[in-house]
Amino acid sequence: MAGETNLKTLLASMTPELLAGTYVFATLAPGVAQPEGLDPVMIFREREGVTLIVTEGAASAAGLAASFRCRMVTLNIHSSLEAVGFLAAITTRLAAAGMGVNPVSAFYHDHLFVSADRAEEALDLLRQLAKDSAG
């Protein structure tokens, strides 16, 4: 099943959804095992260590030092991994509002991690971007 590649269609058709829960980013040094029972929404390995995105509660329960309290916005359109400009347009719109974002692309959807205290604002900006793109 191929995802959408047309930028205008992607922007106009996305339906951003703010998921429940607060997330944080945590890191494990090389060679340190992931705490038992931890179920990260994302794991990424770098030379410097392993980055985990986990719920704030799970990080606290596991004793992990964490940063960037954030909320997850799922864009709810099956974007192709080869789509050009989709995340660039989105991050540009959020940057214009002075908002940082940490995007994660998965096979079916793109997900944005935005500051927890600005999540509703991000959702409004994304909905407006979809409306602007449909016109």
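Look up a bit, the structure's there.
Residues numbered from 1 in each chain as written. Predicted model: local features only at pLDDT ≥ 70, side-chain atom pairs only at ≥ 80, totals over all residues. Heavy atoms only, no water.

Peer 1: What am I meant to see in helix H3 (residues 86-96) here?
Peer 2: In an α-helix, one turn spans 3.6 residues; hence positions three or four apart end up facing the same way. Along H3, the residues classified as buried are Phe86, Ile90 and Leu94. The buried residues of H3 all sit within an arc of 50° when viewed along its axis, so they share a single face. In H3, the exposed positions that point more than 90 degrees away from the buried face belong to Thr92 and Ala96. Just downstream of H3, Gly98 is the residue with a positive phi angle, here 75°. (Buried < 20%, exposed > 50% of the residue type's maximum accessible area, 1.4 Å probe, protein only. Helix = DSSP H or I, 4+ residues; strand = E, 2+ residues; numbered from the N terminus. Arc of directions from axis to C-beta.)

Peer 1: Just to check I follow, could you spell out the pairing of strand S5 (residues 66-74) for this structure?
Peer 2: Remark: a regular strand shows side chains that alternate across the two faces of the sheet. Of the pairings in the sheet, the one linking strand S1 (residues 17-18) to S5 comprises 2 bridges and is antiparallel in character. Across the sheet, Leu18 pairs through a bridge with Val73, a residue of S5. Of the pairings in the sheet, the one linking strand S2 (residues 23-28) to S5 comprises 3 bridges and is antiparallel in character. The residue bridging Ala26 from the neighbouring strand is Ala66, located in S5. (Pairing = 2+ DSSP bridges.)

Peer 1: Even after reading the chapter, I still don't get the side chain of Arg71, so can you show me in this structure?
Peer 2: Position of Arg71 among the secondary structure elements: in strand S5. Buried and without a salt bridge, Arg71 has Glu120 as its closest oppositely charged side chain, separated by 5.0 Å. At 2.9 Å, the side chain of Arg71 forms a polar contact with the backbone oxygen of Gly21. Contacts of Arg71, omitting those with residues within four sequence positions, involve Leu18, Leu19, Ala20, Gly21, Thr22, Leu112, Phe113, Val114, Ala116 and Ala119. (Lys, Arg positive; Asp, Glu negative; His and termini not counted. Salt bridge = Lys/Arg side-chain N within 4 Å of Asp/Glu carboxyl O. Polar contact = N/O pair within 3.5 Å; in protein donor to acceptor, adjacent residues only side chain to side chain. Contact = heavy atoms within 4.5 Å.)

Peer 1: Hey, could you run me through the pattern of salt bridges in this one?
Peer 2: For side chains bearing opposite charge, pairing can occur when the charged atoms are close. Scanning the model with the defined rule gives 3 salt bridges in all. The partner of Asp132 in a salt bridge is Arg93, with the nearest N and O atoms 3.3 Å apart. Taken together, the residues Asp132 in helix H4 (residues 119-134) and Arg93 in helix H3 connect sequence positions 39 residues apart. Among the salt bridges present, the one from Arg118 reaches Glu121, with a minimum N-O distance of 2.9 Å. Using a relative accessible area of 23% as the deciding quantity, one classes Arg118 as partly exposed. Residue classification places Glu121 among the partly exposed positions, given a relative accessible area of 34%.

Peer 1: Looking at this model, I keep getting lost on the environment of Leu129. Mind explaining?
Peer 2: Assignment of secondary structure puts Leu129 in helix H4. Given the relative accessible area of 6%, Leu129 is considered buried. Taking the C-alpha atoms as reference points, Leu129 and Gly49, 80 residues apart in sequence, are found 36 Å from one another. The residues touching Leu129, leaving out its near neighbours within four places in the chain, are Leu11, Met14, Ala89, Ile90 and Arg93.

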